[in-house]
Structures are given as structure tokens and as C-alpha cells.
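Structural description and commentary
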Amino acid sequence: MEAMLSQIQQTSMVEWLGTATGLTGVYLSIREKTLAWPFFILCYGLYAYLSFSASFYAAMFLNICFIPISVYGWYQWTRVSKEGSSERVSISWMRRSQLIYVLCIAVLGTFSIGLFLSLYAGGRMPYLDSFATTLSFLAQWALGRKFIENWISWLIADIAFIVLWGIQGYWLSVVMFIVFTAMAALGFASWKKELVKD
């Protein structure tokens, strides 16, 4: 316990800021606030740096990719038609065909990225890193489209990230991902409630 407290005291400003912006972004996305996206962009830039420092290369690549995906999500949540009316996406479930497609990508992404990392990059826990990365990539895309399944993907990915960051001793990040796990469950319940209302 003392070692954990000591690690938290030595936490870098980058990790503190990444944690704060990440938590803010998730909170705002649960509330369906467009302001979530700039917070996500800043968080992902900071965590790309942290992932590189921890030799989690799949997570680093993921965070870099999340920046343009967040711009896409921001656009999806605010776009306006040529006639000037709002075309904002609304909460929905994925169609069965979309869900099958996403599950196939999750399996292929996990094994192909994991194999690449284990053979060429020398990263730590390559298959768990690639699993968390692939699920997060799919979750971020689904969040941009307001598919309710994004919260399920985030919940599973966050648990994997708890293990990854815990092994490296990034305890503030572990706490952040524990909170993210709870927020993903809250987000799912909140969006499901909104879906039932409509």
C-alpha cells in the first residue's frame, strides 16, 4: 500500500492531466454533451505519450488514432444538413449485421496486432494490449455513432487496461480506469433509459 501511495505521489503532471481530461470527457459523453470531444482529444494526446513511455505500443497507436476519430465523433454529434436542420445522431442499438462485423474486427484485430507486437515491437503483454486497443478503437467509433454497445466495449477494454497499467505501476491510471469501468456501466444504464423513453 505504501508503494502505491508513493507511486501516486510521484505521478507526473501529464498523467494527472490525462486522467482529469479523460474523466471529464466520459462524464460529458454520458450526458450527451458535445464538449466531451475536445476533452477526449487532449486526453488521447497525453495518453499516447504515456503509452510510449510504458512500452504499450498498441495503446500508443490507439491513442494517436483516437484523435481523428474524436474529430469524426465531434462532427457526427454536431452536423447540420444543407437545409440547416439538425442531423445529430441519436442513441440506438447496432443492427445484427453491424454487431457481427464488429465482433469479427475485434477478434482479427486482437490476434493480428498482438502477433505483430510480439514478433516486432517487443511490447509488454502484446495480446492483452492489442485486445484492449482493438476494443477501444471499436468503442470510440460506436460512441461517435451513439451506438449503445460502445459502453459494453469500453467496460471490457477498461478492465484490460486496469491490468496493463497496474503491471507498470501507473496507479493513478489504474484508478482512472476503475472509474472508467464504473462510468461505462453508468453510461450504458443512462443511454438505455433514454432509448426506452424514445
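Structure shown above.
Throughout this document, residue positions are counted from 1 along each chain, in the order its sequence is written. Where local features are concerned, this predicted model is filtered to residues with pLDDT of at least 70; where side-chain atom pairs are given and counted, the filter is 80 or more; whole-chain, interface and lining totals use all residues. Just so you know, side-chain values use all the structure's heavy atoms and leave hydrogens and water out.

Bringing the overall build of the protein into the picture now. Each helix and strand counted, the protein has 8 helices and 0 strands in total. Starting at the N terminus, the α and β elements of the protein follow one another as α-α-α-α-α-α-α-α. Burial status across the protein gives 46% buried among its 198 residues. Of the contacts made within the protein by residues no fewer than 6 positions apart, 70% connect residues no fewer than 24 positions apart. Secondary structure counts use DSSP, requiring at least four H or I residues in a row for a helix and at least two E residues in a row for a strand, with both numbered from the N terminus. Here the term buried applies to any residue with accessible area under 20% of the maximum for its type, exposed to any over 50%, and partly exposed to those in between, with areas from a 1.4 Å probe on protein chains only. Two residues form a contact once any of their heavy atoms are found within 4.5 Å.

Grid points spaced at 1 Å and placed over the protein atoms alone form the basis of the search, with a cavity being a set where a 1.4 Å probe fits but cannot get out and a pocket an open set showing protein on both sides within 12 Å along at least five of seven lines. Lining residues have an atom within 4 Å of a point. Grid points are joined across faces, edges and corners, and a volume is the space filled by probe spheres set on the points. With the rule as written, the count across this model stands at 1 cavity of 30 Å³ or more. Its volume calculated, the largest cavity comes out at about 260 Å³. In terms of lining residues, the largest cavity is bounded by 22 residues, among which Tyr-44, Trp-154, Asp-158, Phe-177 and Phe-180 are the most central. The classification used treats Ala, Val, Leu, Ile, Met, Phe, Trp, Tyr, Cys and Pro as nonpolar, Asp, Glu, Lys and Arg as charged, and all other residues, Gly among them, as polar. Partitioned by chemical class, the residues of the lining of the largest cavity number 17 nonpolar, 4 polar and 1 charged.

Quick look at the packing of helix α5 (residues 96–121) against helix α6 (residues 126–144) now. Following both chains from N to C, one finds α5 and α6 inclined at 140 degrees, their axes separated by 8 Å at the closest point. As α5 packs across α6, the resulting crossing turns out to be right-handed. Judged by residue contacts, Val-102, Ile-105, Ala-106, Gly-109, Thr-110, Phe-111, Ile-113, Gly-114, Leu-115, Leu-117 and Ser-118 of α5 engage Pro-126, Tyr-127, Asp-129, Ser-130, Phe-131, Thr-134, Leu-135, Leu-138 and Trp-141 from α6. Classifying every residue of the contact of α5 with α6 by side-chain character gives 13 nonpolar, 6 polar and 1 charged. Geometry is summarised by axes, namely lines fitted to C-alpha atoms with helices restricted to the contacting stretch, and by angles between N-to-C directions that run from 0 to 180 degrees. In this scheme the crossing of two helices becomes right-handed for a clockwise turn of the near helix relative to the far one and left-handed for an anticlockwise turn of less than a right angle.

What follows deals with the packing of helix α2 (residues 13–30) against helix α8 (residues 171–197). Orientation of α2 relative to α8, taken along the N-to-C sense of each, is 5 degrees, at an axis distance of 10 Å. In terms of orientation, α2 lies roughly parallel with respect to α8. Here Glu-15, Trp-16, Gly-18, Thr-19, Gly-22, Leu-23, Val-26, Tyr-27, Ser-29 and Ile-30 of α2 come into contact with α8, specifically with Trp-171, Leu-172, Ser-173, Met-176, Val-179, Phe-180, Met-183, Leu-186, Gly-187, Ser-190 and Trp-191. Grouping the amino acids of the contact of α2 with α8 by side-chain chemistry returns 13 nonpolar, 7 polar and 1 charged. Note that the term roughly parallel is reserved for angles under 35 degrees, roughly antiparallel for angles over 145, roughly perpendicular for angles of 65 to 115, and oblique for everything else.

A word on the packing of aromatic side chains. The relation between two aromatic rings is expressed through the spacing of the ring centres and the mutual angle of the planes. Ring pairs shown here join Phe, Tyr and Trp side chains whose ring centres sit within 6.5 Å, with only the six-membered ring taken for Trp; geometry is labelled stacked below 30 degrees between planes, edge-to-face above 60, and tilted in between. Per the counting criterion, the structure on display carries 13 aromatic pairs. Measuring from centroid to centroid gives 5.4 Å for Phe-177 and Phe-180, while their planes differ by 85 degrees, and the two rings are edge-to-face. Note that Phe-177 and Phe-180 are positioned in helix α8 at a spacing of 3 residues, about one turn of the helix. Here Phe-177 and Phe-180 have matching classes, each one buried. An aromatic cluster is defined as three or more aromatic residues linked by ring pairs; in this entry it consists of Trp-37, Phe-40, Tyr-44, Phe-66, Trp-77 and Trp-154.

Geometric descriptors of this kind do not, in isolation, establish any biological role.
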